Amino acid sequence: FLVLLAGTVSAAAISLVTGTTGGMAMLSSIGSGISGMYETILVTVLVSALCGLIRDYGGFAWLLQMIRRLCRTHKGGQAGIALLVGAMDVATANNTVAIVMAGPIAREMSQEYGISPRRTASLLDTFSCIFQGILPYGAQMLLAISAASAAGFAVSASQIIPYLFYPFCLCAASVVYIVAGKRAG
């Protein structure tokens with residue numbers, strides 16, 4: 001919250017000093033930003049409530065137990081976090097929701113497998129982006145199909161997926177980082 005507030009104040013001050021934006025336009029932009037944050041906060045509250053229900057009914061414990069069976073080492077724990085957030089992203093088709101839902105389990109895994117909070121956050125972010133980028137029903141894919149359609153091209157997700165070089169290269173580099181990386185915590 002403090003970072004958002006500092007960014008808003010800084011942007012407003014710079015805009016007013018340089019004269020690039022008038023006072024009313026700046027207030028309008030701030031209002032649009034607050035409106036966008038309302039949706040994000042609403043989703044976060046709903047996901048937090050859902051996570052509470054999942055935890056109370058044993059869903060997180062079950063997931064953690066399944067991951068423990070598959071992953072027994074430091075590197076396995078990192079792979080488990082990657083697969084966990086990926087599964088959450090496939091289920092929800094939303095990066096933010098996937099990270100928020102996977103967060104409590106990832107925190108427990110990071111403590112158990114000796115993975116630093118910084119690396120855990122990086123794994124959550126990176127692998128949620130990888131999975132979100134290749135989902136045929138994800139927002140990015142639907143936007144790409146819509147943009148192609150508006151330009152007069154009829155394409156499907158299956159036609160686009162082979163050309164998604166960035167998510168595939170990011171996945172390969174991230175897997176190599178986990179497998180070949182040194183234990184840094």
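None of the values given here were measured: they were computed from a predicted structure.

About the criteria used
Residues numbered from 1 in each chain as written. Predicted model: local features only at pLDDT ≥ 70, side-chain atom pairs only at ≥ 80, totals over all residues. Heavy atoms only, no water. Salt bridge = Lys/Arg side-chain N within 4 Å of Asp/Glu carboxyl O. Helix = DSSP H or I, 4+ residues; strand = E, 2+ residues; numbered from the N terminus. Buried < 20%, exposed > 50% of the residue type's maximum accessible area, 1.4 Å probe, protein only. Expected span 1.5 Å × (residues − 1). Contact = heavy atoms within 4.5 Å. Core = buried A, V, L, I, M, F, W, Y, C linked by side-chain atoms within 4.5 Å.

S.K.: I would appreciate a short explanation of the pattern of salt bridges in the present structure.
M.R.: Pairs can form between side chains of opposite charge whenever their charged atoms are close. Across all of its chains, the model carries two salt bridges by this definition. Residue E108 is joined to R55 by a salt bridge in which the shortest nitrogen-to-oxygen separation is 3.5 Å. Remark: R55 occurs in helix α2 (residues 23-56) and E108 occurs in helix α5 (residues 95-113); sequence separation between them is 53 residues. A relative accessible area of 39% places R55 in the partly exposed class. Of the charged contacts, one joins R68 and E112 as a salt bridge, the two residues approaching to 2.7 Å between their closest N and O atoms. Taken together, the residues span a long stretch of sequence, with R68 in helix α3 (residues 59-70) and E112 in helix α5 at a distance of 44 residues. The class of E112 is partly exposed, set by a relative accessible area of 40%.

S.K.: Any chance you could explain helix α4 (residues 74-92) here in plain terms?
M.R.: In an α-helix, one turn spans 3.6 residues, which is why side chains three or four residues apart end up on the same side. When the terminal C-alpha atoms of α4 are compared, their 27 Å separation across 19 residues agrees well with the 27 Å that a helix rising 1.5 Å per residue should span. Listing the buried residues of α4 in full gives H74, G76, G77, Q78, G80, I81, A82, L84, V85, G86, M88 and D89. Along its buried surface, α4 packs onto α3, α5, α6 (117-134) and α9 (165-180). Where α4 ends, the next residue or the one after it, A93, has phi of about 60°, a positive value.

S.K.: Even after reading the chapter, I still don't get helix α7 (residues 139-150), so can you show me in this structure?
M.R.: For α7, which comprises 12 residues, the first-to-last C-alpha distance of 16 Å matches the rise-based estimate of 16 Å (1.5 Å per residue) to within 8%. Backbone geometry just downstream of α7 places G152 in the positive-phi region, at approximately 95°.

S.K.: How do you make sense of the nonpolar core when you look at a structure like this?
M.R.: Grouped burial of nonpolar side chains is what soluble globular proteins tend to show. Counting residues in hydrophobic clusters, the biggest one holds 25 residues, and the most contacted among them are I81, L84, M88, I105, M109 and F127. Contributing elements (two or more residues each) for this core: α2, α3, α4, α5 and α6. Considering each element in turn, this core owes the most residues, eight residues, to α5. Among residues more than four places away in sequence, those in contact with M109 are L64, I67, G77, G80, I81 and L84.

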